[in-house]
Amino acid sequence: MDKMPKWADVILTPLISLVLAMAISALVILAIGESPWEAMKTMVQGALGSSYGWGFTLYYATNFIFTGLAVMVAYHASLFNIGGEGQAAMGGLGVALALLYIPLPHWALALPVAMVGAAILGAAWAFIPAILQAKRGSHIVITTIMFNFIAAAALNYVLVRLLRPVGSMDPASARFPEATNLPSLSDAFASIGIEWGRNTPANVTFFIALLACLLVWLLIWRTRMGYEIRALGKSEPGAVYAGINPVRITVIAMLISGGLAGMMAINNVMGEAERLVLNAVEGAGFIGIAVALMGRNHPFGVLLAALLFGFLYQGGGELALWTSIPRELIIVIQALVILFTGALDNMVRMPLERLFLRLRRKEVAE
């Protein structure tokens with residue numbers, strides 16, 4: 001029997017963790033002589049108070065959905081993939097190669113081609129750590145960390161030596177053909193006569209991210225492959241006894257995970273920058289870890305957690321712009337949310353489990 005109801009585990013525990021993180025953040029803001037109430041008002045207004053704020057919030061959230069789903073899929077196979085940063089960077093290279101070297105007359109044709117390119121290179125970057133884990137027992141955490149640094153160095157070389165246009169000093173590729181530019185959400189709303197989110201980077205990739213949430217849910221909980229991934233994650237000896245090949249499932253889970261992380265590049269490389277630039281990922285691969293943990297490794301939870309972190313990113317930017325609170329403190333607030341929803345999760349979970357167990361015993365006694 002579960003120690004506490006599913007709704008309490010999925011909703012109540014993260015909510016209490018979030019409240020505790022915000023309370024500690026408020027104390028930190030008070031300590032530097034600022035008003036926590038005014039700070040929160042500025043963040044909410046900046047991230048959610050206008051279509052402009054929503055445009056940026058959804059843009060950031062789209063990145064975090066892909067990297068959160070990537071961590072989630074690997075986690076269900078008992079693999080801690082923290083290489084989303086490198087896999088997303090390689091996904092960006094896949095997008096750039098597809099759009100720069102394949103003549104594509106319209107974004108509707110360019111989008112699926114770029115998605116395939118992003119997914120293939122993201123998956124390829126996860127393949128070697130997967131093989132090392134499955135065949136040699138090399139810990140996936142160590143190898144994926146190493147591959148993040150290798151990806152950064154490789155991308156720097158490719159941009160500076162191979163893809164940089166002649167005469168340009170910027171370590172970036174040439175701009176993609178205009179015909180391949182994705183419609184922004186602002187354009188989509190304008191087509192039906194609604195003015196929304198002008199001059200924001202949110203684009204149609206957000207809908208692809210929502211579709212990815214649905215497809216990952218179907219994969220993990222409604223397919224044989226998903227069952228094998230979850231079985232391996234619960235018990236490798238049990239999975240082997242049931243006829244599941246752990247090497248095969250480890251590699252497949254990591255390929256799916258890397259492909260999802262790589263597809264983040266559709267949003268930030270194809271949709272926003274419209275060229276491949278250095279450091280395009282901007283830490284979204286690591287934020288995906290917190291998103292997956294806070295979302296309880298469920299696609300719907302990942303979606304909600306990604307929206308929260310999108311709010312923190314956009315609201316934090318507005319806070320740094322319109323108040324004297326330094327940008328570094330915004331990073332502290334984000335870190336506190338990660339700390340309480342991840343590392344200190346049991347600090348909230350264990351008292352809740354005892355509470356629900358006590359209530360259950362009381363009901364039985366009556």
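Since the model is a prediction, treat every value here as computed from it, not as a measurement. (Residues numbered from 1 in each chain as written. Predicted model: local features only at pLDDT ≥ 70, side-chain atom pairs only at ≥ 80, totals over all residues. Heavy atoms only, no water.)

Peer 1: Provide a residue-level description of the layout of surface pockets, including the pertinent values.
Peer 2: The calculated volume of the largest pocket comes to roughly 630 Å³. The wall of the largest pocket is formed by 20 residues, among which Tyr75, His76, Lys234, Arg296 and Asn297 lie closest to the centre. For the lining of the largest pocket, the secondary structure elements donating two or more residues are α1 (6-31), α3 (51-76), α9 (224-234), α14 (299-322), α15 (327-343) and α16 (345-365). If you add up the space inside the second largest pocket, you get close to 400 Å³. Lining of the second largest pocket is provided by 16 residues; of these, Pro14, Leu18, Met294, Leu304 and Ala305 occupy positions nearest its centre. When residues of the lining of the second largest pocket are traced back to their parent elements, those giving at least two are α1 and α14. A per-element tally of the lining of the second largest pocket places α14 first, with seven residues. (1 Å grid on protein atoms, 1.4 Å probe; cavity = no way out; pocket = protein on both sides within 12 Å on 5 of 7 lines; lining within 4 Å. Points joined across faces, edges and corners; volume = space filled by probe spheres on them. Helix = DSSP H or I, 4+ residues; strand = E, 2+ residues; numbered from the N terminus.)

Peer 1: So what's going on with unusual backbone geometry? Which residues, and what values?
Peer 2: Positive phi values are uncommon outside glycine, yet Ser78 reaches one of about 65 degrees. Counting through the fold element by element, Ser78 comes out in the loop between α3 and α4 (84-101).

Peer 1: I'd like a rundown of the side chain of Thr180, residues and numbers included.
Peer 2: Topologically, Thr180 is positioned in the loop between α6 (140-163) and α7 (185-190). From its side chain, Thr180 meets the backbone oxygen of Pro177 in a polar contact 2.7 Å long. Not counting residues within four places of it along the chain, the set of residues in contact with Thr180 comprises Leu99, Leu104, Trp107, Ala110 and Met270. (Polar contact = N/O pair within 3.5 Å; in protein donor to acceptor, adjacent residues only side chain to side chain. Contact = heavy atoms within 4.5 Å.)

The values are spatial; any link to function lies outside them.
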